[in-house]
Amino acid sequence: METSTIIVLVVSASISFALGRTIMHFRNKKKQARKDQALALQAKALRDAPPGPESKNKSKRKRQARLARR
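Residues numbered from 1 in each chain as written. Predicted model: local features only at pLDDT ≥ 70, side-chain atom pairs only at ≥ 80, totals over all residues. Heavy atoms only, no water.

Points about the overall build of the protein
Working step 1: If you tally the helices and strands in the protein, you get two helices and zero strands.
Working step 2: Computed over C-alpha atoms, the radius of gyration of the protein comes to 28 Å, more than 25% over the 11 Å expected from 2.2 N^0.38 for 70 residues, which places it beyond the range of a compact globule.
Working step 3: Considered along the principal axes of its C-alpha atoms, the protein spans approximately 85 × 20 × 20 Å.
Working step 4: In the protein, buried positions account for 1% of the 70 residues.
Working step 5: Accessible surface for the protein amounts to roughly 6,900 Å². Of this, 61% is attributable to carbon and sulfur atoms.
Working step 6: Averaging the coordinates of the 18 positive side-chain charges in the protein and doing the same for the 4 negative ones gives two points 15 Å apart. (Helix = DSSP H or I, 4+ residues; strand = E, 2+ residues; numbered from the N terminus. Rg over C-alpha atoms; globule rule 2.2 N^0.38 Å. Buried < 20%, exposed > 50% of the residue type's maximum accessible area, 1.4 Å probe, protein only. Areas by Shrake-Rupley, 256 points an atom, 1.4 Å probe, with all protein chains shown as cover. Lys, Arg positive; Asp, Glu negative; His and termini not counted. Charge placed at Lys NZ, Arg CZ, Asp CG, Glu CD.)

Okay, here's the thing in structure tokens:
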């Protein structure tokens, strides 16, 4: 193979690799942002959920009241 052919091959391979890595970087970044947003929405839903029915067990009610005050 000629030197110019090898140089063109190396340059095209490096450009292809760099372009692929860049695309994957931004794809993973977008995927992580969506995942973080979903977790935030889930946490907000858990925080805003109405409290469950009061327990008939007296000690459990006391424990729940203590945890709710924190």
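So much for the structure itself; the text now carries on.
Looking at a positive patch on the surface
Working step 1: Where like charges cluster on the molecular surface, the positive patch consists of Lys 58, Lys 60, Arg 61, Lys 62, Arg 63, Arg 66, Arg 69 and Arg 70.
Working step 2: Within the secondary structure layout, Arg 66 lies in helix α2 (residues 58-69).
Working step 3: Judged by relative accessible area, which is 48%, Arg 66 ranks as partly exposed. (Patch = residues over 30% accessible without salt bridge, like charges linked within 9 Å, V, L, I, M, F, W, Y side chains within 5 Å. Salt bridge = Lys/Arg side-chain N within 4 Å of Asp/Glu carboxyl O.)

What about the environment of Ala 49?
Working step 1: Along the chain, the position of Ala 49 falls in the loop between α1 (3-48) and α2.
Working step 2: Taking the C-alpha atoms as reference points, Ala 49 and Ala 33, separated by 16 residues in sequence, lie 24 Å from one another.

Re a nonpolar patch on the surface
Working step 1: Taken together, the side chains of Met 1, Ile 6, Leu 9 and Val 10 present a nonpolar region at the surface, about 440 Å² in accessible area.
Working step 2: Within the secondary structure layout, Val 10 lies in helix α1.
Working step 3: Since its relative accessible area comes to 52%, Val 10 is described here as exposed.

Some thoughts on the side chain of Ser 55
Working step 1: Tracing the sequence through the fold places Ser 55 in the loop between α1 and α2.
Working step 2: Ser 55 sits in the buried class, given a relative accessible area of 15%.
Working step 3: For Ser 55, the residues in contact, after removing those within four places along its chain, are Lys 60, Arg 61 and Gln 64. (Contact = heavy atoms within 4.5 Å.)

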